Structures are given as structure tokens and as C-alpha cells.
Amino acid sequence: MSAEETLAQIANEVAVCENCSLHTTRKKSVPGEGPANAEIMFIGEGPGFHENEQGRPFVGASGNFLSQLLAQAGLKREDVFICNVVKCRPPENRDPAADELSACNLYLERQIEAINPSIIVTLGRISMGKFVPGVKISTVHGEMRKVGERFVIPMFHPAAALHQAALKPAILADFAKLPELLKEARKALGKKAPVKKKETVIVEDPKQLNMF
Ligand code: URA
Ligand code: SF4
């Protein structure tokens, strides 16, 4: 199965998953989105109100902020993979519980294996805990470390930075470092930047326009 097919298969499974109690209150599950060959994977906590409505990750206020942070780092949202540790919304946006995290873990593991990103950016404490347990986000944010076959960079959650003005400079600085850290990660892993597909340019044919 190609990586695209694996991701589509996971999305299909997640859409009907009943492996934890979050399925009883979800409207739409949110598998995550982005290219199967993304070099960077962003992993948040769980869908919020808007994500639950739309079935897409980071589309509310923190999503807008995430898009801004990406743009500031010279990255396009379409070039990265964005998902969460749990694929269904915890009621009232509470933290996902341990049993929910473990029930949903295999989907995330399969996504990581299929995409094989050079860098995983964890957004917030809960996502960080999966890869770098036992540390404080306030001391390790923005630091890249090798975890298994790839690199992990813990960052503050965009929602936290939106609500606590004091965190904003830190999250901005951490995102600004991403392009350099990506070069470093590629070098260490012996990987090259993926060749981007050419964008399709639609040129209107004036002769055809005359037909109407
Ligand atoms: N917060 C998250 O952690 N994930 C989302 O998808 C949206 C908000
Ligand atoms: Fe299944 Fe994960 Fe949704 Fe729980 S959160 S129902 S494990 S997809």
C-alpha cells in the first residue's frame, strides 16, 4: 500500500471508530491532513469545536494562528501534515484521558510510519508527553532532539500562546528556527528536500472565451 493509500485507509477507519468513549460525543472525527511525503508533521492535542464540525484539524482560532506561524517560517500549510493525538473531540475541550490516548495511539503510529517525517513538532504538553516524557515544556520548547528514526521539537500549543501573551514571543521564535532545524535534520538523516509537484497553471484560451 502506498503512503497515500495508508493515510486514506486510516481516515476511513477513524471515521467509524468506536475504540474509546469519545466516539459517543463526536460529530466528525478528525484524522488529520497533509501530503503523504511531508517532511514535518505537527501533532496537536485533539479536535476542538470547529474541528469537530468540519472534520479538519486546526481550523478554529488556534488553527488561524498556526497558519500564521507556518507562513512566518516560510512554510505552507499544504506542505506539512497536521493531526492530533486523539482524533475525536474531548467534550468541552478537556484534556484527553490516558485510556483515550492509548485507544487512539495506533492510528497516530501508523500515520507517522506512513509519512516518515524528518521532524515531528509536538504542539502542547500532551502531545510532547508521547515523545519526550518527563520534561517541562517551559524548559525544552524549541529544542530539537533525536527520538528513534527522526527528530522531535516540542513547542507550546498555539491556543496557549493565544491566551497567554507571555508565551507568544517564544512560539514565534521557535517557529522561526524551523527552516534551519529542518536543514539540520535532513543532513543528519541523509535526506533531501522532496521534489515538489509543479503547480498547474491554467491559461485561459482567448479563442475559447470568444465562443461564449
Ligand atoms: N487544538 C488542537 O490541539 N487540535 C486541533 O485540531 C485544534 C485545536
Ligand atoms: Fe477511535 Fe480515536 Fe475517536 Fe477514540 S478518539 S473513538 S480511539 S478515533
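Residues numbered from 1 in each chain as written. Chains lettered and ligands numbered in written order. Predicted model: local features only at pLDDT ≥ 70, side-chain atom pairs only at ≥ 80, totals over all residues. Heavy atoms only, no water.

J.: Looking at this model, I keep getting lost on the packing of aromatic side chains. Mind explaining?
T.: The geometry of an aromatic ring pair comes down to the distance between the two centres and the angle between the two planes. Applying the stated criterion to the full structure yields one aromatic pair. Centroid distance phenylalanine 42 to phenylalanine 175: 5.8 Å. Interplanar angle 5 degrees. Geometry classified as stacked. Residue phenylalanine 42 is found in strand β1 (residues 40-44), and its partner phenylalanine 175 is found in helix α8 (residues 168-176); the two are separated by 133 residues along the sequence. With relative accessibility at 0%, the residue phenylalanine 42 sits in the buried group. Given the relative accessible area of 0%, phenylalanine 175 is considered buried. Taking the ring centre of phenylalanine 131 as reference, the NZ or CZ of lysine 130 above it sits at 5.3 Å. (Phe/Tyr/Trp six-rings, centres within 6.5 Å; stacked < 30°, edge-to-face > 60°. Helix = DSSP H or I, 4+ residues; strand = E, 2+ residues; numbered from the N terminus. Buried < 20%, exposed > 50% of the residue type's maximum accessible area, 1.4 Å probe, protein only. Lys NZ or Arg CZ within 6 Å of the ring centre and 35° of its normal.)

J.: When you look at the site of ligand 1 in this model, what are you seeing that I'm missing?
T.: The local shell around ligand 1 consists of Gly44, Glu45, Gly46, Glu51, Pro57, Phe58, Ser62, Asn84 and His157. Within the backbone of glutamate 45, a nitrogen or oxygen atom sits 2.8 Å from an oxygen atom of ligand 1. Between a nitrogen atom of ligand 1 and a side-chain N or O atom of asparagine 84, the distance comes to 2.7 Å. Compared with its free state, where it exposes 230 Å², ligand 1 has 93% of that area covered by protein. More than half of the atoms belonging to ligand 1 lie within 2 Å of the grid points that define the second largest pocket. Tallied by class, the residues present in the shell around ligand 1 amount to two nonpolar, five polar and two charged. (Near = heavy atom within 4 Å. Polar contact = N/O pair within 3.5 Å; in protein donor to acceptor, adjacent residues only side chain to side chain. Areas by Shrake-Rupley, 256 points an atom, 1.4 Å probe, with all protein chains shown as cover. 1 Å grid on protein atoms, 1.4 Å probe; cavity = no way out; pocket = protein on both sides within 12 Å on 5 of 7 lines; lining within 4 Å. Sits in = over half its atoms within 2 Å of the grid points. Nonpolar A, V, L, I, M, F, W, Y, C, P; charged D, E, K, R; others polar.)

J.: What is the right way to read the nonpolar core from this model?
T.: Across soluble globular proteins, nonpolar side chains have a tendency to be buried as a group. Within the largest apolar cluster, 48 residues are counted, with the highest numbers of intra-cluster contacts made by Phe42 and Phe175. Those residues within four positions of phenylalanine 42 in sequence are excluded, and the remaining contacts are Leu66, Leu70, Val80, Phe81, Ile82, Cys83, Val121, Leu123, Phe175 and Leu178. (Core = buried A, V, L, I, M, F, W, Y, C linked by side-chain atoms within 4.5 Å. Contact = heavy atoms within 4.5 Å.)

J.: For this particular structure, what's the right way to read the environment of methionine 155?
T.: Structurally, methionine 155 is set in strand β5 (residues 150-155). Placed 32 residues apart in sequence, methionine 155 and leucine 123 show a C-alpha to C-alpha distance of 5.2 Å. Not counting the four nearest positions on each side in its chain, methionine 155 is found in contact with Val121, Thr122, Leu123, Gly124, Ile137, His141, Asp174, Phe175 and Leu178.

J.: What should I look at first to understand the side chain of arginine 89 in this one?
T.: Structurally, arginine 89 is set in the loop between β2 (81-84) and α4 (98-115). Comment: no salt bridge for buried arginine 89; closest opposite-charge side chain is glutamate 92, at 5.6 Å. Only 2.8 Å separates the side chain of arginine 89 from the side chain of asparagine 93, close enough to count as a polar contact. When near neighbours in sequence (up to four residues on either side) are disregarded, arginine 89 contacts Leu22, Thr25, Pro47, Gly48, Phe49 and Asn52. (Lys, Arg positive; Asp, Glu negative; His and termini not counted. Salt bridge = Lys/Arg side-chain N within 4 Å of Asp/Glu carboxyl O.)

J.: Is there a simple way to think about empty space enclosed by the protein in this case?
T.: If you roll a probe as big as a water molecule over the atoms, it shows you where there is empty space left. What the rule picks out here adds up to one cavity of 30 Å³ or more. Considered as a void within the structure, the largest cavity measures approximately 90 Å³ in volume. Contributing to the lining of the largest cavity are 13 residues, with Cys17, Cys20, Lys87, Cys88 and Cys104 lying nearest its centre. For the lining of the largest cavity, the leading source of residues is α4, giving three residues. Of the residues that constitute the lining of the largest cavity, the class distribution is nine nonpolar, two polar and two charged. (Points joined across faces, edges and corners; volume = space filled by probe spheres on them.)

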